[in-house]
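Each chain is listed here by its residues.
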Amino acid sequence: MSQVTFKGTPVNVAGSLPSVGDKAPAFSLTASDLSDKGLEAFAGKKKVLNIFPSLDTGTCAQSVREFSRRAHELADTVVLCISMDLPFAQSRFCDAEGVDNVVTLSAFRHPEFLDDYGVRIADGPLAGLAARTVVVLDADNTVRHVQQVGEIADEPDYEAALGAL
């Protein structure tokens, strides 16, 4: 179990993050069309997993906008924006914001993803949601970068994440 803060108050995060050099845990998440998608759906591409609590927060929304803005410059790379938000809400956000360079995936039917990636907030007001974390995978799903943001209300280090590609 690790610990981060939410607006300065410590909260516990269950599980262990994947380590650089490890193979990424397989997953199944729900896409905007309600189909299940796993790593195999993005075979042969590098992947940025932008994991966050909810698009209904300013920082989460900003991280999706920022990764979308930068995604068009990334060769053979897909940005997966993952939260517990329902696929309908994720699609509505992307449509309203003109975000079209990322793939949104929901863990609402597959909460085991949060435990498998060590991002489930275990207590506090956001318990059950994902701690803000970025995991970068190469085309073979080997972990190349991991950042669990120390303060949930802060944005991730975009430069470090994209530099790991």
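The structure presented is a predicted model; accordingly, all values stated were derived computationally and were not measured.

## Quick word on a nonpolar patch on the surface
Side chains of L34, L86, F88 and F108 sit close together on the surface and give an oily, nonpolar patch of about 350 Å² of accessible area. Structurally, the position occupied by L34 is in the loop between β3 (29–30) and β4 (36–37). On the basis of relative accessibility, which here comes to 36%, the residue L34 falls in the partly exposed class.

## Focus on the pattern of salt bridges
Taken as a whole and assessed by the stated rule, the structure comprises seven salt bridges. With a closest N to O distance of 3.3 Å, E97 and R65 form a salt bridge. Here E97 is found in helix α2 (residues 87–97), whereas its partner R65 is found in helix α1 (residues 58–71), with 32 residues between them in sequence. Given a relative accessible area of 37%, E97 falls into the partly exposed group. Given the relative accessible area of 28%, R65 is considered partly exposed. Of the charged contacts, one joins R70 and E159 as a salt bridge, the two residues approaching to 2.7 Å between their closest N and O atoms.

Calculation rules
- Residue indices begin from 1 for each chain and proceed along its sequence in written order.
- Local features in this predicted model are restricted to residues of pLDDT 70 or higher, and side-chain atom pairs are both shown and tallied only at a pLDDT of 80 or more, whereas totals for entire chains, interfaces and linings draw on every residue.
- Just so you know, side-chain values use all the structure's heavy atoms and leave hydrogens and water out.
- Patch rule: a residue counts if its relative accessible area is over 30% and it has no salt bridge; like charges are joined within 9 Å, and nonpolar side chains (Val, Leu, Ile, Met, Phe, Trp, Tyr) within 5 Å.
- Computed with a 1.4 Å probe, the accessible areas rest on the Shrake-Rupley method; for each residue, only the protein chains presented here act as cover.
- Any carboxyl oxygen of Asp or Glu within 4 Å of a side-chain nitrogen of Lys or Arg constitutes a salt bridge here.
- Helix and strand definitions here come from DSSP, where helices need a minimum of 4 consecutive H or I residues and strands a minimum of 2 consecutive E residues; each element is numbered from the N-terminal end.
- Note on exposure labels: buried denotes an accessible area under 20% of the residue type's maximum, exposed denotes more than 50%, and partly exposed covers the range between, all computed with a 1.4 Å probe on protein chains only.

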